[in-house]
Structure formats: structure tokens, C-alpha cells
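Here is how the chains run, residue by residue.
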Amino acid sequence: MMIPKKVKHRKHQKGSVRGSAKGSLSVDFGQWGLKALESRWVSARQIEAARRAMSRFAQRSGKVWIRIFPDKPVTKKGQETPMGKGKGSVDHFVAVVHRGRIMFEIDGVDEITAREALRLAAHKLPVRTSIIKREL
């Protein structure tokens, strides 16, 4: 699972996931990409599940690029803990994905394999997505 090696601040505020992505709007590395159509938090577990689904279907041929990284810590208080006494400890990490962001790319496989691999990866993610081809 992907987690940051070092963070500047141990706990973050929730923040907003509204608006469109500023960068990573086009397929830059591979031939096919998976684009987010809505803004949402994507956890490290979901990213890993999508990566495994893609590489397993492509039978480890070709190359997969992951264009998002979970660098935002999400905290959670223990079960049946009373209110107060500060913020909970860090539970997991998420990537903040805005609308229009390219999340995954794949290359080195034919179109049918690439589309199916990206479709399987999309089922593991909490965002609506579309499969796009690189503009030449």
C-alpha cells in the first residue's frame, strides 16, 4: 500500500473536494488513461486494488502508471470513545482526486486489453470515470 515516507504535519483538516483539477488533464505517459468525472477521496487501498486488477488482467505485460498518490492523512477515533479529548489518530491515507484528473495510464497492450483493464480498475474506485485515448 502507498503511504508517504514523511509528512510535514501529522494530521490534516478535511478541506474541500469541489472544483476541477489543475494538472494531469491529459494522457502523458501511456496510450490509454482513466479520467475522473467527479471529485472524491480515493483511499490507498482502492488505488492498490485498481492497480492489481489492471496488472492481473494485462498478465503483467505492458506498463501501468499511477498518477495519483495518497498523501492526505485521515483520522478516526476509536469505537465507543466519548466526545472530546482531541482529534483521533491517523487511520489511513487518501488521494484528493478532482474532476478531470487522469488517475491511471496503460501502454504496451492492444486496445481491447487496455480498455478492459481500465474498466476493471474503474470498478474498484469510488469515482465515475471514463477511458480516454492519447491525443497525438
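Quick summary incoming for the structure in this document. (Residues numbered from 1 in each chain as written. Predicted model: local features only at pLDDT ≥ 70, side-chain atom pairs only at ≥ 80, totals over all residues. Heavy atoms only, no water.)

**Section: the sheet that holds strand E6 (residues 102–107)**
Part 1: Taken together, four strands build an open sheet; the order of strands is E3-E6-E1-E7 and the sheet is antiparallel. Only two strands of the sheet have a single neighbouring strand rather than two, namely strand E3 (63–66) and strand E7 (129–133). Neighbour-to-neighbour, the strand axes of the sheet open up by a mean angle of 20°, direction not taken into account.
Part 2: For E3 and E6, the ladder comprises four bridges, and the chain directions are antiparallel. Across the sheet, residue Val64 finds its bridge partner in E6, namely Ile106.
Part 3: Packed onto the sheet, helix H1 (residues 44–57) meets E3 and E6 and runs at close to 20° relative to E6.
Part 4: Contacts from helix H2 (residues 111–123) reach strand E1 (32–36), E6 and E7, with the element oriented near 25° to E1. (Pairing = 2+ DSSP bridges. Helix = DSSP H or I, 4+ residues; strand = E, 2+ residues; numbered from the N terminus. Axes fitted to C-alpha atoms, helices over the stretch in contact; angles between N-to-C directions. Contact = heavy atoms within 4.5 Å.)

**Focus: the nonpolar core**
Part 1: The biggest cluster of nonpolar side chains holds 22 residues, and the ones touching the most others in it are Leu34, Met103, Phe104, Ile106 and Leu125.
Part 2: Sort the elements by how many residues they give to this core and H2 lands first, with five residues.
Part 3: With residues up to four places along the chain from it excluded, the contact list for Met103 reads Leu34, Ala36, Trp65, Ile66, Arg67, Ile68, Val97, Leu125, Val127 and Thr129. (Core = buried A, V, L, I, M, F, W, Y, C linked by side-chain atoms within 4.5 Å. Buried < 20%, exposed > 50% of the residue type's maximum accessible area, 1.4 Å probe, protein only.)

**Some details on unusual backbone geometry**
Part 1: Even without being glycine, Glu80 reaches a positive phi, approximately 60°.
Part 2: Of note, Glu80 is situated in the loop between strand E4 (72–76) and strand E5 (89–97).

**A word on the sheet that holds E5**
Part 1: Reading across from one edge, E2-E5-E4 is the order of the three strands in this open sheet, with antiparallel pairing throughout. Of all the strands in the sheet, the pair left with one neighbour each is strand E2 (40–43) and E4. Direction aside, the axes of adjacent strands within the sheet are offset by 50° on average.
Part 2: By the bridge criterion, four bridges tie E2 to E5 in an arrangement that is antiparallel. Residue pairing for E5: Ser43 is matched across the bridge by Val94.
Part 3: Lying on the sheet, H1 is in contact with E2 and E5; it crosses E2 at an angle near 70°.

**A word on H2**
Part 1: Across its 13 residues, H2 extends 19 Å between first and last C-alpha, which sits within 8% of the 18 Å expected from 1.5 Å per residue.
Part 2: Within H2, burial applies to Thr113, Ala114, Ala117, Leu118, Ala121 and Ala122.
Part 3: Along its buried surface, H2 packs onto E1, H1, E6 and E7. (Expected span 1.5 Å × (residues − 1).)

**Considering the side chain of Lys72**
Part 1: For Lys72, the location among the structural elements is in strand E4.
Part 2: Engagement of the side chain of Lys72 in a polar contact is seen with the backbone oxygen of Lys14, the distance being 3.2 Å.
Part 3: Those residues in contact with Lys72 that sit more than four places away from it in its chain are His12, Gln13, Lys14, Gly15, Trp41, His92, Phe93, Val94 and Val96. (Polar contact = N/O pair within 3.5 Å; in protein donor to acceptor, adjacent residues only side chain to side chain.)

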